[in-house]
Amino acid sequence: TSKQSVTVIGLGPMGQAMTRAFLAAGHPVTVWNRTAARAEELAAEGATRAATVEAALAADELVILSLTDYDAMYAVLEPAASALAGRVLVNLSSDTPAKAREAAVWADGHGARHLTGGVQVPPSGIGRPEESATFYSGPREVFETHAATLQVLTATDYRGEDPGLAALYYQLQMDIFWTSMTGWLHALAVAGANGISAGEFLPYATSTVASLPGFLAFYTPRIDKGEHPGDVDRLAMCAAGVDHIVHTARDSGTDATLPAAVQDAFRRGLADGRSGDSFTSLIEVFKGSNS
Ligand code: NDP
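Below: a short report on this structure. If you're wondering where the values come from, they're calculated on a predicted model, not measured in any experiment.

## A word on the pattern of salt bridges
If you walk through the whole model with that rule in mind, you get 14 salt bridges. One salt bridge connects arginine 140 with glutamate 144, and the closest N-O pair in it is separated by 3.6 Å. Of this pair, arginine 140 and glutamate 144 both sit in helix H6 (residues 140–150), 4 residues apart, roughly one helical turn. Since its relative accessible area comes to 49%, glutamate 144 is described here as partly exposed.

## Quick look at the packing of aromatic side chains
Tallied over the full model, the rule gives 8 aromatic pairs. Ring plane angle 40° and centroid distance 5.6 Å describe the contact between tyrosine 136 and phenylalanine 143, whose orientation is recorded as tilted. Side by side, tyrosine 136 and phenylalanine 143 carry an identical accessibility label, which is buried. Taken together, a centroid distance of 5.9 Å and an interplanar angle of 35° make the contact between phenylalanine 201 and tyrosine 204 tilted. You can see phenylalanine 201 and its partner tyrosine 204 sitting in helix H8 (residues 198–225), 3 residues apart, about one turn around the helix. The exposure class of phenylalanine 201 is partly exposed, given its relative accessible area of 28%.

## Comments concerning the sheet that holds strand E6 (residues 113–119)
The 8 strands lie next to each other as E3-E2-E1-E4-E5-E6-E7-E8, forming an open sheet whose pairing is mixed. Looking at the sheet topology across the chains shown, the edges are occupied by strand E3 (48–49) and strand E8 (155–160). Here 5 bridges tie strand E7 (residues 133–137) to E8, and the two strands are oriented parallel to one another. Counted as the bridge partner of threonine 134 is threonine 156 from E8.

## Structural notes on the layout of surface pockets
Here the largest pocket is characterised by a volume of approximately 2500 Å³. What lines the largest pocket is a set of 47 residues, among which Thr179, Ser180, Leu212, Val262 and Phe279 lie closest to the centre. Where the lining of the largest pocket is concerned, the elements lending two or more residues are helix H7 (164–193), H8, helix H9 (235–251), helix H10 (257–271) and helix H11 (282–287). With 15 residues, the top contributor of residues to the lining of the largest pocket is H8.

What counts and how
Residues numbered from 1 in each chain as written. Predicted model: local features only at pLDDT ≥ 70, side-chain atom pairs only at ≥ 80, totals over all residues. Heavy atoms only, no water. Salt bridge = Lys/Arg side-chain N within 4 Å of Asp/Glu carboxyl O. Helix = DSSP H or I, 4+ residues; strand = E, 2+ residues; numbered from the N terminus. Buried < 20%, exposed > 50% of the residue type's maximum accessible area, 1.4 Å probe, protein only. Phe/Tyr/Trp six-rings, centres within 6.5 Å; stacked < 30°, edge-to-face > 60°. Pairing = 2+ DSSP bridges. 1 Å grid on protein atoms, 1.4 Å probe; cavity = no way out; pocket = protein on both sides within 12 Å on 5 of 7 lines; lining within 4 Å. Points joined across faces, edges and corners; volume = space filled by probe spheres on them.

So this is what it looks like as structure tokens:
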């Protein structure tokens with residue numbers, strides 16, 4: 001076959017989906033997993049099982065890592081570090097930008113090159129590049145050499161040379177995802193305390209979430225200019241609204257910790273003298289500056 005051969009290390013749900021996507025696209029795949037039994041089905045589907053990490057590294061230049069985090073990578077690769085020279089490690093495990101930067105230096109010290117990845121979809125999105133994407137960062141020429149093969153998994157979005165960037169973009173999206181999703185869950189707890197089911201509330205939750213892109217588009221240029229005029233919203237008005245959310249949660253007998261954290265940010269904004277500015281001025285509170 002003329003398709004580039006690939007090694008996949010780490011066969012959780014993600015690594016398994018990646019192995020299957022490569023096989024389906026005609027790429028020879030060598031696999032290794034700490035718990036060897038997880039490689040059995042994939043071997044039956046055409047993957048080659050490596051007996052050791054060294055053998056897995058020796059098999060291919062392109063090595064996909066799909067492990068829980070970067071500590072797992074060191075646990076797997078440190079003992080086999082002498083086999084790293086000349087390899088390209090495409091690390092699709094999630095972790096912090098700082099961990100990714102450290103790993104790039106560590107790989108370099110062993111003669112390997114490191115690409116950081118941030119996969120934006122669950123395993124079901126792997127092998128569907130038309131509807132899924134992964135952030136990449138690290139040496140541009142290494143990315144470009146292997147982009148076509150990586151695009152078997154998902155579309156690729158190269159963010160830049162800094163190895164931390166792919167992890168950073170991923171974490172920024174997760175910051176929005178988890179604060180939004182826990183906000184939704186909190187509202188459902190208050191709804192439930194008042195006899196409203198998640199299903200009954202779904203159309204209303206959906207319409208709130210669907211309104212957000214309009215707000216993002218409106219406020220983004222102002223935020224980039226550092227301007228927070230109180231022409232359409234004033235922090236004092238918004239803070240009163242947040243107080244009502246906290247009180248509604250408490251009156252309903254539910255835990256108000258989450259909206260109280262939001263209330264705390266608004267109160268600090270007011271204490272900084274921003275009552276006449278937009279709520280977007282809270283970005284200065286989050287930056288930790290008092291300007
Ligand atoms: P899992 O945590 O299920 O997979 C873990 C893999 O890491 C397994 O192969 C496991 O081996 C291995 N592993 C963990 N610790 C060690 C260790 N100390 N030594 C050796 N091997 C170790 O993760 P997923 O497959 O779900 O995901 C992989 C990565 O992709 C994660 O970083 C995750 O955050 C990221 N991701 C996952 C998404 C998802 O929806 N699943 C979505 C986007 C990103 P063993 O089988 O022996 O336990």
